[in-house]
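One letter stands for each residue in the lines below.
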Amino acid sequence: MTVEIDNGSGFCFGVTTAIQKAEEELAKGNALYCLGDIVHNGMECERLRQMGLITINHDEMRNLRNVKVLLRAHGEPPETYALARRNHIEIIDATCPVVLQLQKRIKKQHIANCEEPIANSQVVIFGKNGHAEVLGLVGQTGGKAIVIEQFEDVKQLDFSRDIYLYSQTTKSLDEFHRIIEYIQQHISPDVTFKSFDTICRQVANRMPNISSFATKHDLILFVCGRKSSNGKVLFNECLRVNPNSHLIEGPAEIDPSWLEGIETVGICGATSTPKWLMEQCRDALQGQ
């Protein structure tokens with residue numbers, strides 16, 4: 001049986017940088033807190049926990065004083081930075097540069113909207129409600145941005161008002177374009193519609209790459225934490241082109257019955273999947 005790991009899978013630039021910053025700080029022997037899971041992968045979070053990284057939520061951060069807190073790649077709303085200043089917390093900011101740029105664009109648009117004679121414009125974000133990145137984006141508008149999670153949600157917008165459309169960096173490019181087309185077809189000719197393609201190309205390019213990879217093998221093992229939004233999108237693409245695809249969190253979830261009659265296995269993963277975890281899955285297969 002031949003086993004191949006997809007070279008294009010693994011941490012994206014933003015996640016790699018966040019983990020490097022955490023490792024550098026922990027290597028100094030300093031206490032370090034992380035606001036939320038540093039990456040949507042339980043095994044990588046556990047590895048860093050054993051190095052000393054303490055994961056906290058927003059409520060727990062309110063009770064901290066004079067410590068260091070790492071902000072992960074997803075980014076945070078302005079309120080988090082304000083809390084850090086009040087509590088004398090040193091922020092180690094690992095917000096992905098792509099996300100940071102998007103936050104600035106949305107904030108600038110929101111301020112421009114508020115300065116209009118009649119504040120009648122809608123900032124719309126195509127993204128997952130409650131996702132850390134989306135919370136950070138909505139925070140740039142004081143909570144006023146409208147979030148649409150899927151194509152069907154676009155029908156609820158007010159097409160008699162200006163619409164400025166942005167996207168969470170890890171959403172599907174195809175679905176984003178469907179949403180744009182629908183708005184163009186239904187918006188009033190008397191108002192403004194502008195869309196901004198803010199999907200991360202490093203993530204977007206993984207879709208065609210992983211699709212091509214999944215067609216080459218008899219069996220696909222997609223290694224990914226079940227919390228990963230990006231992972232769900234990529235796994236569904238694997239499943240679409242190769243029905244013999246399975247999502248697993250680690251080698252312990254490999255079912256030996258999947259391997260019967262299989263000649264080639266492809267191992268791939270999300271932007272939150274560490275290479276070492278895919279390698280563990282390969283080693284487990286080769287030990288079968």
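One structure accompanies this document, and this report is about it. This is a predicted model, so every value here is computed, not measured. (Residues numbered from 1 in each chain as written. Predicted model: local features only at pLDDT ≥ 70, side-chain atom pairs only at ≥ 80, totals over all residues. Heavy atoms only, no water.)

**A short note on the overall build of the chain**
Stage number 1. Each helix and strand counted, the chain has 11 helices and 12 strands in total.
Stage number 2. Against the 2.2 N^0.38 benchmark of 19 Å for 288 residues, the chain shows a C-alpha radius of gyration of 21 Å, consistent with a compact globule.
Stage number 3. Across its three principal directions, the C-alpha atoms of the chain cover 70 × 50 × 25 Å.
Stage number 4. Counting the 288 residues in the chain, one finds 51% classified as buried.
Stage number 5. Expressed as a percentage of contacts within the chain between residues at least 6 apart in sequence, the contacts between residues at least 24 apart total 71%.
Stage number 6. Here the chain contributes 30 positive and 36 negative side-chain charges, whose respective centroids are spaced 6 Å apart. (Helix = DSSP H or I, 4+ residues; strand = E, 2+ residues; numbered from the N terminus. Rg over C-alpha atoms; globule rule 2.2 N^0.38 Å. Buried < 20%, exposed > 50% of the residue type's maximum accessible area, 1.4 Å probe, protein only. Contact = heavy atoms within 4.5 Å. Lys, Arg positive; Asp, Glu negative; His and termini not counted. Charge placed at Lys NZ, Arg CZ, Asp CG, Glu CD.)

**A short note on the packing of aromatic side chains**
Stage number 1. Enumeration over the complete set of coordinates arrives at five aromatic pairs.
Stage number 2. Relative to F176, the ring of F126 lies with its centre 6.2 Å away and its plane at 15 degrees, an arrangement referred to as stacked. Placement of the pair is F126 in strand 6 (residues 122–126) and F176 in helix 7 (residues 173–186), with a sequence separation of 50 residues.
Stage number 3. For F126, a relative accessible area of 0% gives the class buried. (Phe/Tyr/Trp six-rings, centres within 6.5 Å; stacked < 30°, edge-to-face > 60°.)

**So, the side chain of D6**
Stage number 1. On the secondary structure map, D6 appears in the loop between strand 1 (2–5) and helix 1 (13–27).
Stage number 2. Nearest to the buried, unbridged D6 among oppositely charged side chains is R206, at 7.1 Å.
Stage number 3. One polar contact links the side chain of D6 to the main-chain amide nitrogen of G8, over a distance of 3.1 Å.
Stage number 4. Apart from the residues lying within four places of it in its own chain, the contact partners of D6 are I210, F213, I267, C268 and K275. (Salt bridge = Lys/Arg side-chain N within 4 Å of Asp/Glu carboxyl O. Polar contact = N/O pair within 3.5 Å; in protein donor to acceptor, adjacent residues only side chain to side chain.)

**Examining the side chain of N87**
Stage number 1. Among the structural elements, N87 can be located in the loop between helix 4 (78–86) and strand 5 (90–93).
Stage number 2. Among the residues examined, N87 registers a relative accessible area of 6% and is labelled buried.
Stage number 3. Setting aside residues no more than four positions away along its own chain, N87 makes contact with M61, R62, L64, R65 and N66.

**Quick word on the state of the cysteines**
Between two cysteines, a covalent bond joining their sulfur atoms is known as a disulfide.
Stage number 1. The full count for this structure, using the stated rule, is zero disulfides.
Stage number 2. The thiol sulfur of C200 is not disulfide-bonded, and the nearest other cysteine sulfur, from C96, lies at 6.0 Å.
Stage number 3. The class of C200 is buried, set by a relative accessible area of 12%. (Disulfide = S-S within 2.5 Å.)

**Description of the pattern of salt bridges**
Stage number 1. Overall, the coordinates contain 13 salt bridges when judged by the stated rule.
Stage number 2. Where E249 meets R226, a salt bridge forms, and the shortest distance between an N and an O atom there is 3.8 Å. In this pair, E249 sits in the loop between strand 11 (245–248) and strand 12 (264–269) while R226 sits in the loop between strand 10 (219–223) and helix 10 (229–241), placing the two residues 23 residues apart along the sequence.
Stage number 3. On the basis of relative accessible area, E249 is assigned to the partly exposed category, the value being 29%.
Stage number 4. Since its relative accessible area comes to 44%, R226 is described here as partly exposed.

**Comments concerning the environment of Q101**
Stage number 1. Following the sequence through the fold, Q101 ends up in helix 5 (residues 97–114).
Stage number 2. On the accessibility criterion, Q101 (45% relative accessible area) is partly exposed.
Stage number 3. Remark: the alpha-carbon pair of Q101 and T198, spanning 97 residues in sequence, is separated by 9.2 Å.

**Observations regarding the sheet that holds strand 8 (residues 163–167)**
Stage number 1. The parallel open sheet is built from four strands, whose spatial order is 7-6-8-9. Only two strands of the sheet have a single partner each, and these edge strands are strand 7 (146–148) and strand 9 (193–195). Pairwise comparison of adjacent strand axes, ignoring direction, gives a mean angle of 20 degrees for this sheet.
Stage number 2. As defined by bridge partners, strand 6 adjoins strand 7 across three bridges and the pair is classed as parallel. Its bridge partner being in strand 7, I125 is matched across the sheet by V147.
Stage number 3. Strands strand 6 and strand 8 of the sheet are contacted by helix 5, whose axis makes an angle of about 165 degrees with strand 8. (Pairing = 2+ DSSP bridges. Axes fitted to C-alpha atoms, helices over the stretch in contact; angles between N-to-C directions.)

**Quick word on the nonpolar core**
Stage number 1. In terms of nonpolar packing, the biggest core is built from 18 residues, with V154, L157, I163, L165, I179 and I183 touching the most fellow members.
Stage number 2. Mapped onto this core, the elements with two or more residues apiece are strand 6, strand 8 and helix 7.
Stage number 3. Take this core: its biggest share by element is five residues, from helix 7.
Stage number 4. The residues touching I163, leaving out its near neighbours within four places in the chain, are Q122, V124, L157, D158, I183, I187, T192, F193 and K194.
Stage number 5. V15, L26, C34 and V39 belong to the second-largest nonpolar core, a separate cluster that totals 16 residues. (Core = buried A, V, L, I, M, F, W, Y, C linked by side-chain atoms within 4.5 Å.)

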